[in-house]
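# Topology and contacts: notes
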Amino acid sequence: MATMDKNWKIIPPFYPEFDLERCDYKNGCNLCAHECSFGEISLKPVKGEDGKVYYRPWANKTACGSCQRCVKMCPYGAISIKREPMHTSHAYWTPEYVNNIWKQAGSKGGVLLVGNGATGPQRRYFDHIMFDACQVTNPSIDPLREPMEIRTYLGSKPEKFGYGIMPQLKLEVPIMFGAMSFGALNLRVHEAEARATREIGTFWNTGEGGFHKSLRKYGENTIVQIASGRFGVSEDYLKSAAAVEIKIGQGAKPGIGGHLPGEKVSQAISETRMIPEGSDALSPAPHHDIYSIEDLRQLIYAIKEATEYKVPVSVKIAAVHNVAPIVSGIARAGADIIAIDGFRGGTGATPLQIRQNTGIPIELAIAAADQRLREEKIRNSVSLIASGGIQCSSDALKAICLGADAVYVATPVLIALGCGVCQRCFSGKCAYGITTNKPGLAERIDVDEATECLKNLLHAWAEEMEELMGSMGISTIEALRGNRDRLRGVGLNEEELKILGIKHAGF
Amino acid sequence: MCGIVGIINTDRKTIDGSFIREAIRIQRERGNGLGGGFAAYGLYPEQADKYAFHIMYQGEGRHSATVRQVEDYLESIVKIYQSQEIPVFPNDRVPQGPYFKRYFIKTIEEQIPPDKTEEDLIVDIVMHINMMGGAFVVSCGKNMGVFKGVGYPEDIADYFRIEDYKAYMWIAHNRFPTNTPGWWGGAHPFTILDKAVVHNGEITSYGTNMRWLEMYGYFCLLQTDTEVISYIYDKLTRKDELNKLDACYVMAPSLWEEIDRANDGKKRSLRQIYGPAVVNGPFGIVLTHNEGAIVLNDRNKLRPVVCARAGHTYYASSEECSIRLLSPEVDEIWSPRGGEPVIIDLQPEKKSAEVA
């Protein structure tokens, strides 16, 4: 049997290459080996011309995922990541599928796990949607000279003035940081999210792992989550934030629960999640008290009672086939905000097959949901958040034109902190110190710097959105929300155009 | 570019249509012959208690099947007191256009659904007719009417011989269409009930406004952005019972920064609730209704509007020349600031009845 081991050997598609002309190993530099948290780089003794023994960096070719940490940290620019894809002669049996089967055969079976969002070839609709711009008949607006407003209020609004107004979240930028839990991320990242959103005037989401007591002073800019595991949920928790979100599902793994392994449950995490140290934190696939829409309604109102109707209640769902009627049901169940997460949404860990094959694109989901709420004349009663695969400010603005009130971004938050999207968030080895609590790694995040990065990102996207709006002659974002008239499709078929509610370019 | 003019006599003293014809003619430069139109108030004093429907029929004129279809529909739901062709005078500048007919109608109590008002029913009737295809309600208010078509406004005035009509409030429009076709139904003014709008500009928020209005039973079928303004104003003032100033504020809101500075809770709520009713893009409008007129510019003042008063007559115009032509001496003349509405109220109806 042992001889068969080699048959299943996975050849990692990446490896670091060292330019020894540039490398300073002769003076004892070993930074790259130290920075590589995945064990790809080791130090190999070599005899120099002078007869002395030096330790040069060496690619083990076992673990590289192209996170680029070593490349970025090398002071001499001596490292580049090479791609060494396995080749198969068969056009149908691509290396991806062959590798996956080898992995499963070699590991005594098991579900393939990955991090980050879906990578499949499905159409990115955002790329097929173009904005309008002013020419002649209408002056474009220069955001540097004229006021440009992107402030957004999230929450239920009455149909008409005169009956008061329900609690609202005030967003100075219609972009919020999506749910990522303490445990999946470390406390430093949470703190950076909290501080950046406080300074810019928007919101971050704790995810389902509780809300660390040291961050509760940022409660006004925090959305706390209640997921099926109910981690860290207490009356104080509910009252500590500006809004409460019930997480039904997420785009990367619709219908699937979560699992934080016991070895990650440190003292701080155990305290925040309110579970014993070292125990596995399991989030069941469904909420075991929500098996139907009427159960959801009860939970929404239980939360509203507990928070004395002072904060909006949000419900987050994954974008699935029937998203429009589901959203309508949630709106009628009393939610103030509904977050819809497209299948491109990220995660720390998800079964590969679920990630790649379940859910629908956010562009179609948000368009269908917005249209349905309008047909039922209840669009005003709920705010919509689009998320899952928003890659840039124009994606965010297109989502708003299609009908979203605001967007959640999460993978961009990680990338802003250095992440190279290597899909190994669940390994606990994140070389950037983002998705790990390991001492020695987590410290790689400097909270002050991380806060600046996130603020810069929000600033940049906000400015780009203002530029785009100015070119369309729009000076306030309300005038763009659901304004599909300012969009045209390129290369989309009739069915797609109908769902998106836009005309083809040329009309 | 378009040109607009309004002449409003607050004492409800009537003048004939030749004045407004001259006022808009002098702005010929602002149009291109693809649309002109007029709205007149105080037009049908003898029929003032009835809704005056001006309906435009496309196709084969008086013999078109649509005429029968619309009239059957109207007879099924309201009482028609009088119906007549609107006289037209085709000439070498405006050849024969669509067939126009006016109807004076009253609603029948039993036909009004319990959850709706009489005016809701009229709006529903207008939407129903517009959706039939081939027939379009040009105006439907009481004691007012609209005359519009494809041509320069002075030629449209001659086509309808508007000098034969008398009114105490007139608005006119000279069209230079750029984003939607020049067709008879697409000329301004746009109306719903007693509200009529003439507009210079382009409404970039059209998509948002239109989809919001659809939730409340207003369907934009005339292929022109301006239509949304009359519907938004009607929804805000009639259905939601906002006052005129608040309605203007909703359409051209203050900056959030200003609202924050003043800590104005009412304005904040209005803007939060009525975000989808914000009218964005350049505009200068004169909006008229049975009790008066409103002149409004976009917040950035991207279109010209000049207002003036001479005695009890108010003027609003894209260009001062129209005002000076009619009234070389005025008591005041000013250019309203962006987003600041000018609200002109007519004297209550009673007074004009006494004069008459």
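Residues numbered from 1 in each chain as written. Chains lettered and ligands numbered in written order. Predicted model: local features only at pLDDT ≥ 70, side-chain atom pairs only at ≥ 80, totals over all residues.

Attention now goes to the overall build of chain B. Assigned secondary structure in chain B consists of 11 helices and 18 strands. Its C-alpha atoms give chain B a radius of gyration of 19 Å, within 12% of the compact-globule value 21 Å for 356 residues. Projected onto the principal axes, the alpha-carbon positions of chain B cover approximately 60 × 50 × 45 Å. Counting the 356 residues in chain B, one finds 52% classified as buried. By sequence separation, contacts in chain B at least 24 residues apart represent 74% of the contacts at least 6 residues apart. (Helix = DSSP H or I, 4+ residues; strand = E, 2+ residues; numbered from the N terminus. Rg over C-alpha atoms; globule rule 2.2 N^0.38 Å. Buried ≥ 20, exposed ≤ 12 C-beta atoms within 10 Å, placed from the backbone. Contact = placed C-beta atoms within 7 Å.)

Each side of the interface is counted separately: chain B has 28 residues, and chain A has 31 residues. For the side of chain B that touches chain A, the elements supplying multiple residues, two or more each, are helix H5 (206–215) and helix H9 (265–273) of chain B. A per-class count over the side of chain B that touches chain A returns 11 nonpolar, 12 polar and five charged. (Nonpolar A, V, L, I, M, F, W, Y, C, P; charged D, E, K, R; others polar.)

Residue and element names in this part refer to chain B. Spatial ordering of the open sheet is given by E5-E6-E4-E7, a layout of four strands whose pairing is antiparallel. Edge positions in the open sheet fall to strand E5 (78–85) and strand E7 (135–139), since each of these has one partner strand only. This sheet shows a mean twist of 30° between the axes of neighbouring strands, independent of strand direction. Of the pairings in the sheet, the one linking E5 to strand E6 (residues 99–107) comprises seven bridges and is antiparallel in character. Bridge pairing in E6 places Ile-80 opposite Ile-105. Set on the sheet, helix H2 (residues 65–77) makes contact with strand E4 (51–57), E5, E6 and E7; between it and E5 the angle comes to about 150°. Contacting E4, E6 and E7, helix H3 (residues 118–132) crosses the sheet at an angle of about 140° to E7. (Pairing = 2+ DSSP bridges. Axes fitted to C-alpha atoms, helices over the stretch in contact; angles between N-to-C directions.)

When you line up the elements, Arg332(A) lands in helix H8 (residues 323–332). Classification of Arg332(A) by C-beta neighbours within 10 Å gives partly exposed; the count is 15.

With that settled, the discussion passes to helix H6 (residues 227–239) of chain B. Residue and element names in this part refer to chain B. In this model H6 runs 17 Å from its N-terminal to its C-terminal C-alpha over 13 residues, within 8% of the 18 Å that 1.5 Å per residue would give. Burial of H6 is extensive: 10 of the 13 residues sit out of reach of the surface. All buried positions along H6 are accounted for by Glu-227, Val-228, Ile-229, Ser-230, Tyr-231, Ile-232, Tyr-233, Asp-234, Lys-235 and Leu-236. On the buried face of H6, the contacting elements are strand E11 (190–192), strand E12 (195–201), H5, helix H7 (244–251) and strand E13 (283–289). Within two residues after H6, Glu-241 carries a phi angle of roughly 55°, on the positive side. (Expected span 1.5 Å × (residues − 1).)

On to unusual backbone geometry. A cis amide bond links His188(B) with the next residue in sequence, Pro189(B), at an omega value of -5°. The backbone phi angle of Glu308(A) is positive, close to 55°, even though this residue is not glycine. By the element assignment, Glu308(A) lies in the loop between helix H7 (293–306) and strand E15 (313–318). The class for Glu308(A) is exposed, based on 8 C-beta atoms found within 10 Å.

Turning to the domain arrangement of chain A, a few remarks are in order. All names here are of chain A. Split into domains, chain A comes out as domain 1 (2–109) and domain 2 (125–504). Between domain 1 and domain 2, the C-alpha centre-to-centre distance is 36 Å. Here the side of domain 1 that touches domain 2 is composed, by residue class, of three nonpolar, four polar and two charged. (Domains from an automatic or database assignment.)

Time to look at the sheet that holds strand E21 (residues 503–504) of chain A. Residues and elements named next belong to chain A. Across the sheet, which stays open at both edges, the three strands sit in the order E6-E20-E21 with mixed pairing between neighbours. Strands with a single pairing partner mark the edges of an open sheet, and in this sheet they are strand E6 (129–131) and E21. Bridge count for E6 against strand E20 (residues 487–489) is three bridges, and the pairing is antiparallel. Following the sheet pairing, Met-130 is matched in E20 by Arg-488.

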